[in-house]
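A look at the structure
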Amino acid sequence: MSHRHKVTIRCNRCNEKFILRGRKDRGRVDTGFKQCLCSNAVDFEIEEEALI
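A brief look at the structure comes next. Values in this document were obtained by computation on a predicted structure and should not be read as measured data. (Residues numbered from 1 in each chain as written. Predicted model: local features only at pLDDT ≥ 70, side-chain atom pairs only at ≥ 80, totals over all residues. Heavy atoms only, no water.)

1. Quick look at the pairing of strand β2 (residues 17-25)
Formally: At least two DSSP bridges between two strands are required for those strands to pair. The helix and strand labels rest on DSSP assignments: H or I over at least four residues marks a helix, E over at least two residues marks a strand, and numbering proceeds from the N terminus.
Here strand β1 (residues 4-11) runs beside β2; their pairing, made up of 7 bridges, is antiparallel. For His5, the partnering residue across the bridge sits in β2 and is Gly22. Connecting β1 to the next strand, β2, in antiparallel fashion are 5 residues, including Asn15 with a positive phi near 70°. When β2 meets strand β3 (residues 28-30), the two strands line up antiparallel, connected through 3 bridges. Residue Asp25 lies in a different strand from β3, and its bridge partner there is Arg28. Counting the residues that bridge the hairpin from β2 to β3 gives 2 residues, and of these Arg26 lies at a positive phi of roughly 55°.

2. Here's the deal with the side chain of Thr8
What counts, and what does not: Burial status follows relative accessibility: with a 1.4 Å probe on protein chains alone, a residue under 20% of its type maximum counts as buried, one over 50% as exposed, and anything between as partly exposed. Identification of polar contacts relies on pairs of N or O atoms within 3.5 Å, with a donor-acceptor requirement for protein atoms, meaning one able to donate a hydrogen and the other able to accept it, and with residues adjacent in sequence counted only if both atoms are side-chain atoms. Contact between two residues is taken to exist if any of their heavy atoms lie within 4.5 Å; hydrogens are not considered.
Following the sequence through the fold, Thr8 ends up in strand β1. Judged by its relative accessible area of 9%, Thr8 falls in the buried class. Within the structure, the side chain of Thr8 is placed 2.4 Å from the side chain of Glu49, a separation counted as a polar contact. In contact with Thr8, other than residues within four places in its own chain, are Lys17, Phe18, Ile19, Glu45, Ile46, Glu47 and Glu49.

3. What about the nonpolar core?
Note the threshold: In plain words, nonpolar cores are sets of buried Ala, Val, Leu, Ile, Met, Phe, Trp, Tyr and Cys residues tied together by side-chain atoms within 4.5 Å.
One finds Val7, Ile9, Cys11, Phe18, Val29, Cys36 and Phe44 forming the largest nonpolar core, which totals 7 residues. Among the elements that take part in this core, β1 stands out by supplying 3 residues, more than any other. Apart from the residues within four sequence positions on either side, Val7 is in contact with Phe18, Ile19, Leu20, Val29, Thr31, Ile46 and Glu47.

4. Concerning the layout of surface pockets
Rule in force here: The rule is simple: put a 1 Å grid over the protein atoms alone, call a set of points where a 1.4 Å probe fits but cannot get out a cavity, call an open set with protein on both sides within 12 Å along at least five of seven lines a pocket, and count a residue as lining if it has an atom within 4 Å of a point. Grid points are joined across faces, edges and corners, and a volume is the space filled by probe spheres set on the points. Each residue is assigned to one of three groups, with Ala, Val, Leu, Ile, Met, Phe, Trp, Tyr, Cys and Pro labelled nonpolar, Asp, Glu, Lys and Arg labelled charged, and all others, Gly among them, labelled polar.
In this structure, the largest pocket spans a volume of roughly 290 Å³. As for the largest pocket, its lining consists of 13 residues, and the residues nearest its centre are Ile9, Arg28, Val29, Thr31 and Ile46. Going through the elements one at a time, β1, β3 and β4 (44-51) are the ones with two or more residues in the lining of the largest pocket. Residues belonging to the lining of the largest pocket are distributed by class as follows: 7 nonpolar, 2 polar and 4 charged.

Listed below in structure tokens is the structure:
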């Protein structure tokens, strides 16, 4: 069973911050996040927070 995690994603180009929920699968949290509003799809700082 996979648990839900809170994930903070910050864009390193425009500094936009997204707080999402995701499920941990094979050591990685999947949130469905694809790209920032500035069209950045690769340069992010991702921080996994406490369990929800």
